[in-house]
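Each chain, written out:
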Amino acid sequence: MKKSILSLALFISLQTVAFGQGSSQVLDDAVSKIQTTITDHIIEKVFLHFDRPYPYYVAGETIYFKAYATMGELHEPSRISGVLHVDLIDHNNALLQTRAIQLVNGVGWGDLSLPDSLQKGNYRIRAYTNYMRNNDRAYFFERYISVSSVNAVDKVMAATKKSGAPSLQFFPEGGNFIDDIRTKIAFKAVGPDGLGVDLKGTVVDNENNEVAKITSSHFGMGVFDFIPEEGKKYSAKVTYANGSTATVSLPQAAAKGIVLAVNTNDPSKLSIEIRANRAYYKENMNKEINLLVYWSGSVKKVNTKLDNQILGLDLPTADMMTGIVQITLFSDTGEPLSERLAFVQNKDILNLSLNSDKQVYARRENVMLNLGAKNKDGAPAKGSFSVSVVDEGKLAVDENATHNILTDMLLTPDLKGHIEKPNYYFMSNTPETRGNLDALMLTQGYRRFVWKELMNEKIDTVITYKPERTFNISGTVKTKSGEPRASVQVTLLPGAGAVKSAMTDANGHFVFADMVFETGASFILKTDSRSGKNASVITLDNPKPGAAIDPANPMLSAYNGNADILASLQNAGQGAGMTSGGNSRTFIKNSSKEDRSKSGESYRSSNLGGPGHADQVIHGSSFENAPSLVTALNGVARDIDFRNGVPYLKTGMVLNTSNEIVNPMLIIVDGVQGVKDIDGILPRTVETVEILKGPNAAIYGVAGGAGVMVITTRQNLADDGPVSKEMSPGVYSFHPVGFYKAKEFYSPQYNVSGAASLPDTRTTIFWSPNVVTDVDGKASLSFFNADGTGNYRVEVNGMDDKGNLGHQVYHYKVQ
């Protein structure tokens, strides 16, 4: 008969950080170590929301993303790091691009530009903070993307088809398989490709007597139970989905032991049982045993006596955050006896609502979208959200297989191995999904810490990699002969902001700490201007290297042919149509127009009309060493005058009723309008400058009436590191790598004259990374549809200022 311990005073007094008297000192020490680990070594988690639910792109497109960083166990926006590193990595594990994204209250956003010439294949995007390097790399964010080549000039080797029999593993609940105790056993069958394989079969003893039937319920996983008998051995006879058969032995049951069982059928509680077989109970009757429950940075303890073979309690989950709970049973000497991971699904997830002014729209029609956010108590939630809209005619979406802020913050980082279709577990909360989620916990559970290591103080809590919040500008002052110059004042003159001073130390080293600036910002360093051999030479420190790149996961690194389908849908008969961000996907290989491109050369363009639709093209390679962009273009850009860094077409005049007005040219930088002064753009960062007049400028409507200057910047500026140049003795100019300035997503305005001249083949219809709900928990958005018809999918991810997470998907139709 099971004995309930619900009525025990020690259970009633259960609370975080306060524990009952009389519990073993060993266990109290363990609790103290946990608290120290939680306090001194908080983990960070990162999630990137991309502008597309499936990571399929075409070379030449832009990948937009919003980053969310939390203090993972505490479920709060991260206050630890202010710098997030986002990397684009190729199939050879080489770093192609890197971005330093500024995190403010745990959020930031940016983009990655896929070069037109990028080889067709599979790539991956990695995101991490410097502080995250102190922990297991399981907490690094990583997503694989497939990129198709528009011109189909690159060949991709077909993935080698792996052969071999499926493997089948068994996982007794609590870690122990013990004679004479009814034990729940989870199993998982995996094929040679690493994915789950369905099966059915029976469990038999060594006399071939059937003791249980087994059938997988979800991706090769399932659960069964039975009572093993003393002296018997057991095996499973199974038939896999492909018709093959196998006989696999179960673990040998122990003659003596105790086990922890947890039932999660009722989401309002965890029903816990402690089961001891007769042999163990006889030896340990009335000895103290303890339960520790750990979740979300909290620790609770229950201690009682083993005065029955089966003890039970119900642990309410109302105060627990959604996520993984670790429950461990300890002996009276503090030895871990049995452990179980469970997943709690609570009501702390934000309630997000989406609605549009219509359910059916026309092509290129304006859409008005409303977002509402409420917390678990029904009160308005003020938070930061990202919104993407895609044409599902180009990206058919399996919602179960998608990743979102819930799957990647609450589930996948805390599990071992590949999780198939992670959103399946969040789509609905039913007995079936809860059962399958529990099977996942039993088979692929991951532990924040291992008890024996913690008890023996083998967990490293030393912070090797310090949190980054800003940047340092540092270097060394030496004489021309290489001798360090101590106690020398170094002055830093930023392009904007206050002048700063620092003194060199005994080694000639100086530091300007806690600097906030964007990549490409201009600085001048100045020290005394002695002449001769004692003249000062300033050498800047190189940026510290990022995290080493781990080899790609073979199971996830195969190219997905859906990227080819996307490319063909976007390009079939469309020529230079608009894509995500308004970038053209078409390469112009040759041109006979003067200044357009050299023979046999290709060039990148953020011109809405695509490359080849400009009156003049000036390549950055011809002026990369110029002191300023105005200096580089003055006299080279035909028929243009520069006034205080602002370009004016000599023919860009308009008349009004009183006089003649000269309007400045419209400046477009990487597809973004709004730049007024080009002298703030470093020449070395520019790839092309295009001058548009008359018909070529008409694509920009009335705003382009006075001419358009389209500036397309280089894609790999950050790889170059700091560049410094001695302007005069003791005076150096340089442009360090800082925070990346995100591009603005281009969304066409079809109520503007001239905007409808190009085919609109966009896959990503709309992207907004900085949607902030007001005090009423509401926000509104507006955008225009593209030419594609069918279902459009709206996805929202985000979190409120307390760290509560939210995700929602909405659909409307275009016809």
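Keep in mind that this is a model prediction, so the values were computed, not measured.

Colleague: It is not clear to me how the overall build of the protein should be interpreted in this structure. Could you clarify?
Modeller: From N to C terminus, the protein includes 10 helices and 49 strands. Accessible surface for the protein amounts to roughly 35400 Å². Of this, 49% is attributable to carbon and sulfur atoms.

Colleague: Which parts of the structure should I look at to understand the sheet that holds strand β21 (residues 298–305)?
Modeller: Backbone-to-backbone hydrogen bonds join strands into a sheet, with any given pair of strands oriented parallel or antiparallel. With antiparallel pairing, the four strands of this open sheet are ordered in space as β21-β20-β23-β24. Edge positions in the sheet fall to β21 and β24 (336–344), since each has one partner strand and no second. Each adjacent strand pair in this sheet contributes to an overall mean axis angle of 15°, direction not counted. In terms of strand pairing, strand β23 (residues 323–330) meets β24 through eight bridges, oriented antiparallel. The residue bridging Phe-330 from the neighbouring strand is Pro-336, located in β24. The sheet strands contacting helix α6 (residues 431–444) are β23 and β24, and the helix crosses β24 at an angle near 145°.

Colleague: Help me out: how do you make sense of the packing of aromatic side chains in this one?
Modeller: Aromatic ring pairs are defined here through the distance separating the ring centres and the angle between the ring planes. Per the stated rule, a full pass over the model turns up 22 aromatic pairs. Where Phe-224 meets Phe-226, the ring centres are 6.3 Å apart and the plane angle is 10°; that geometry is what we call stacked. Feature note: the residues Phe-170, Phe-177, Phe-187, Phe-224, Phe-226 and Tyr-234 constitute an aromatic cluster, connected by ring pairs. The side chain of Arg-643 reaches across the aromatic face of Tyr-648, ending 4.5 Å from its centre.

Colleague: Mind showing me how you'd approach the sheet that holds strand β34 (residues 536–540) here?
Modeller: Pairing is antiparallel in the open sheet, where three strands are placed in the order β32-β29-β34. The open sheet has two edge strands with one neighbour each: β32 (509–515) and β34. Taken over all neighbouring pairs, the strand axes of this sheet differ in orientation by 25° on average, direction set aside. Where strand β29 (residues 471–479) lies against β34, five bridges are found, and the strand directions are antiparallel. Paired with Lys-478 across the two strands is Val-537, which belongs to β34.

Colleague: Explain the side chain of Gln-326 here, please?
Modeller: Mapping Gln-326 onto the fold places it in strand β23. Side chain to side chain, Gln-326 and Glu-339 meet in a polar contact 2.7 Å long.

Colleague: Would you mind going over the nonpolar core with me for this structure?
Modeller: Inside soluble globular proteins, nonpolar side chains tend to come together where they are buried. With 54 residues, the main nonpolar core has Leu-48, Leu-84, Val-86, Ile-125, Leu-411, Tyr-425 and Leu-440 as its most contacted residues. At five residues, strand β4 (residues 62–71) tops the list of elements feeding residues into this core. Dropping the residues within four chain positions of it, Val-86 is found in contact with Leu-48, Phe-65, Gln-97, Thr-98, Arg-99, Ile-101, Leu-112, Ile-125, Arg-126 and Ala-127.

Colleague: For this particular structure, what's the right way to read α6?
Modeller: Along an α-helix, residues three or four positions apart point the same way, because every turn accommodates 3.6 residues. For α6, which comprises 14 residues, the first-to-last C-alpha distance of 20 Å matches the rise-based estimate of 20 Å (1.5 Å per residue) to within 8%. In terms of burial, α6 is largely enclosed, as 11 of its 14 residues are buried.

Colleague: What am I meant to see in the pattern of salt bridges here?
Modeller: Side chains that differ in sign of charge can pair as their charged atoms come close. All chains considered together, the criterion is met by 28 salt bridges. Of the charged contacts in the structure, one is a salt bridge between Glu-61 and Arg-52, with a shortest N-O distance of 3.0 Å. Just as Glu-61 is buried, Arg-52 falls in that class too. With a shortest N-O distance of 2.8 Å, Glu-273 and Arg-275 are connected by a salt bridge. The two residues Glu-273 and Arg-275 agree in class, both being buried. Taken together, the salt bridges that share partners define one network made up of Glu-173, Lys-184, Arg-340 and Asp-438.

Colleague: What exactly am I supposed to notice about empty space enclosed by the protein here?
Modeller: One pass over the structure, following the stated rule, counts 10 cavities of 30 Å³ or more. Approximately 120 Å³ is the volume attributed to the second largest cavity. If you trace the second largest cavity, you find 14 residues lining it, with Thr-264, Phe-343, Val-344, Gln-345 and Arg-434 closest to the centre. For the lining of the second largest cavity, the secondary-structure elements that each account for two or more residues are β19 (269–276), β24 and α6.

Colleague: What is the right way to read unusual backbone geometry from this model?
Modeller: Working note: non-glycine residues mostly have negative phi, and peptide bonds are mostly trans. Residue Asp-180 is not a glycine yet carries a positive backbone phi of 65°. Positive phi values are uncommon outside glycine, yet Asp-639 reaches one of about 60°. Note on placement: Asp-639 falls in the loop between α9 (629–633) and β36 (640–643).

Colleague: Help me understand the environment of Lys-120 in this model?
Modeller: On the secondary structure map, Lys-120 appears in the loop between β8 (107–113) and β9 (121–128). Sequence spacing of Lys-120 and Tyr-559 is 439 residues, and the spatial spacing of their C-alpha atoms is 8.6 Å. A polar contact is formed between the side chain of Lys-120 and the side chain of Asp-564, at a distance of 3.1 Å.

Colleague: Quick question: what am I supposed to make of the confidence of the model for the protein here?
Modeller: Keep in mind that low pLDDT regions are not for reading the predicted coordinates in detail. Per-residue confidence for the protein gives a mean pLDDT of 84, with 84% of residues at or over 70. Confidence drops under a pLDDT of 50 for residues 6–23, and excluding neighbours within four residues, the segment shows 34 contacts in the predicted structure. Confidence drops under pLDDT 50 across residues 151–159; counting only partners more than four residues distant or on other chains, this segment forms nine contacts.

Colleague: Just checking my understanding: could you explain the pairing of strand β37 (residues 646–649) for this structure?
Modeller: Look at any regular strand and the pattern is simple: side chains alternate between the two faces of the sheet. Of the two faces of β37, both are covered, the one formed by Val-646 and Tyr-648 as well as the one formed by Pro-647 and Leu-649. Across four bridges, the pairing between β36 and β37 is antiparallel. Note on β37: the bridge partner recorded for Ile-640 is Leu-649. The loop that links β36 with its antiparallel partner β37 comprises two residues; one of these, Asn-644, has a positive phi angle of about 55°.

Colleague: Explain the environment of Ser-628 to me, please; I cannot follow it from the model alone.
Modeller: With respect to the helices, strands and loops of the structure, Ser-628 is situated in the loop between β35 (616–619) and α9. Residues Ser-628 and Gly-645, 17 residues apart in the sequence, show an inter-C-alpha distance of 9.6 Å. When neighbours within four sequence positions are excluded, Ser-628 is seen to be in contact with Asp-679 and Pro-683.

Parameters and conventions
- Residues numbered from 1 in each chain as written.
- Predicted model: local features only at pLDDT ≥ 70, side-chain atom pairs only at ≥ 80, totals over all residues.
- Heavy atoms only, no water.
- Helix = DSSP H or I, 4+ residues; strand = E, 2+ residues; numbered from the N terminus.
- Areas by Shrake-Rupley, 256 points an atom, 1.4 Å probe, with all protein chains shown as cover.
- Pairing = 2+ DSSP bridges.
- Axes fitted to C-alpha atoms, helices over the stretch in contact; angles between N-to-C directions.
- Contact = heavy atoms within 4.5 Å.
- Phe/Tyr/Trp six-rings, centres within 6.5 Å; stacked < 30°, edge-to-face > 60°.
- Lys NZ or Arg CZ within 6 Å of the ring centre and 35° of its normal.
- Polar contact = N/O pair within 3.5 Å; in protein donor to acceptor, adjacent residues only side chain to side chain.
- Core = buried A, V, L, I, M, F, W, Y, C linked by side-chain atoms within 4.5 Å.
- Buried < 20%, exposed > 50% of the residue type's maximum accessible area, 1.4 Å probe, protein only.
- Expected span 1.5 Å × (residues − 1).
- Salt bridge = Lys/Arg side-chain N within 4 Å of Asp/Glu carboxyl O.
- 1 Å grid on protein atoms, 1.4 Å probe; cavity = no way out; pocket = protein on both sides within 12 Å on 5 of 7 lines; lining within 4 Å.
- Points joined across faces, edges and corners; volume = space filled by probe spheres on them.
- pLDDT = per-residue confidence, 0-100.

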